[in-house]
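# Overview (structure and organization)
Residues per chain, in single letters:
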Amino acid sequence: MPVSTDTKPYRIGRSKTGLGLFATQPIKKGVKIIQYFGPLLDSKNEKHDAIENKYLFQISKRWTVDGSIRKNVARYINHSCKPNAESDVNPAKKKIIIRSIKKIEPGEEINYDYGTEYFKEYLKPIGCKCEGCETKRKKKRAKLRAEKAKAKEKAERKEAKQAEKAKRKKDKAKAKKADVKKALKKAPKAAAGKVKAKVGKAKAGKAKAVGKKAKAGNAKSRKA
Ligand SMILES: [Zn+2]
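As the structure is a computational prediction, the values presented were derived from the model and not from experiment.

## Details of the overall build of the protein chain
- Along the backbone of the protein chain there are 3 helices and 10 strands.
- Order of helices (α) and strands (β) in the protein chain, N terminus to C terminus: β-β-β-β-α-β-β-β-β-β-β-α-α.
- Counting all 224 residues of the protein chain, 17% fall into the buried class.
- In the protein chain, of all internal contacts separated by at least 6 residues, the share reaching a separation of at least 24 is 66%.

## Some remarks on the nonpolar core
- Core analysis: the largest hydrophobic core is formed by 22 residues, its most contacted members being Leu-21, Ile-33, Tyr-36, Ile-77, Ile-98 and Ile-110.
- Counting residues per element, the ones that place at least two in this core are strand S2 (18-23), strand S3 (32-36), strand S9 (95-100) and strand S10 (109-112).
- Not counting the four nearest positions on each side in its chain, Leu-21 is found in contact with Tyr-10, Ile-12, Val-73, Tyr-76, Ile-77, Glu-109 and Ile-110.

## Considering the sheet that holds strand S5 (residues 56-58)
- Taking strand neighbours across the sheet as the criterion, the 3 strands line up as S4-S6-S5 in an open arrangement whose pairing is antiparallel. Single-partner strands in this sheet number two, and they are strand S4 (40-42) and S5. Each neighbouring strand pair of the sheet contributes to a mean axis angle of 35°, computed without reference to strand direction.
- Direction of pairing for S4 relative to strand S6 (residues 63-66): antiparallel, over a ladder of 3 bridges. Its bridge partner being in S6, Leu-41 is matched across the sheet by Thr-64.

## Description of the confidence of the model for the protein chain
- For the protein chain, per-residue confidence averages 85 on the pLDDT scale, and residues scoring 70 or more make up 80% of the total.
- By mean pLDDT, the top-scoring element of the protein chain is S9 (98), and the lowest-scoring one is helix H3 (residues 131-223) (76).
- Contacts from residues 209-224, a stretch scored under 50 in pLDDT, to residues over four places away or in other chains number 0 contacts.

## Brief notes about the environment of Trp-63
- By the element assignment, Trp-63 lies in strand S6.
- Using a count of 16 C-beta atoms within 10 Å as the deciding quantity, one classes Trp-63 as partly exposed.
- Along the backbone, Trp-63 and Asp-42 are 21 residues apart, and their C-alpha atoms lie at a distance of 5.1 Å.
- Not counting the four nearest positions on each side in its chain, Trp-63 is found in contact with Leu-40, Asp-42 and Lys-94.

Calculation criteria
- Residues numbered from 1 in each chain as written.
- Predicted model: local features only at pLDDT ≥ 70, side-chain atom pairs only at ≥ 80, totals over all residues.
- Helix = DSSP H or I, 4+ residues; strand = E, 2+ residues; numbered from the N terminus.
- Buried ≥ 20, exposed ≤ 12 C-beta atoms within 10 Å, placed from the backbone.
- Contact = placed C-beta atoms within 7 Å.
- Core = buried A, V, L, I, M, F, W, Y, C linked by C-beta atoms within 7 Å.
- Pairing = 2+ DSSP bridges.
- Axes fitted to C-alpha atoms, helices over the stretch in contact; angles between N-to-C directions.
- pLDDT = per-residue confidence, 0-100.

Encoded structure:
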C-alpha cells in the first residue's frame with residue numbers, strides 16, 4: 001500500500017492527541033476507508049510473542065497484526081468512544097479494514113473504538129481525549145459550575161433575607177426608641193411644669209417669710 005494519501009479521501013493531520021487521520025472528501029456510510037496492516041505475528045512464535053507496542057492489533061487468539069510500520073497509515077487513526085468508523089476484522093483472511101459507520105464530512109477526523117482492553121490499558125490512566133469524552137467532561141464541568149452557582153445564589157439569598165430581617169428588627173427597635181423619646185419629650189414638660197410650680201411655691205414661701213422678718217425688723221427699729 002502506498003504511503004502517499006493524495007488520491008485517498010483522507011490525510012494525516014494534527015489532532016488533539018498528536019497526529020490523526022482526517023477526511024478530505026465526503027465519505028459515505030459503510031464504506032472501506034483504509035486497511036490496517038503490518039507484519040503478522042504468531043503467538044506460537046516466542047520472538048513474535050515478545051514484541052510489544054501500541055499498534056498491535058489482535059485478530060484472533062493466534063494472530064496479531066503489528067501495525068507499527070510507517071506504511072500503515074491507518075495507525076494514525078485515533079480512538080473515539082463515539083466513533084464514525086469501525087475496525088472490521090476478518091480472521092480467516094487475517095485482514096483488518098477500517099470502515100465508516102456514518103457519513104464523514106471533509107475535515108472531520110476519522111476514528112474508531114479501540115476496544116475496552118486498549119481503553120483500560122492506555123486511555124483510562126491519562127483520560128480519554130475523544131470528542132465524546134471531552135463533551136461529557138465539559139457537560140460535567142458545566143453541571144458542577146451550575147450547581148455551584150445555584151448554591152452560591154441560594155446562600156446569597158439566605159444572607160440577604162437574614163440581613164433584611166436584621167434590618168427590620170433594627171428599624172423596629174429604632175422606631176420604638178423614637179417613640180419612647182417622643183413620649184419622654186412630652187412627659188418632662190409636664191414634670192418640669194410640676195417642678196416649676198413647686199419651685200415657685202417655695203420661692204413665694206421664702207419671700208413671705210423674708211417679708212415678715214423685714215416687717216418685724218422695721219417694727220423693732222421703730223420701737224427703738
Ligand atoms: Zn472517549
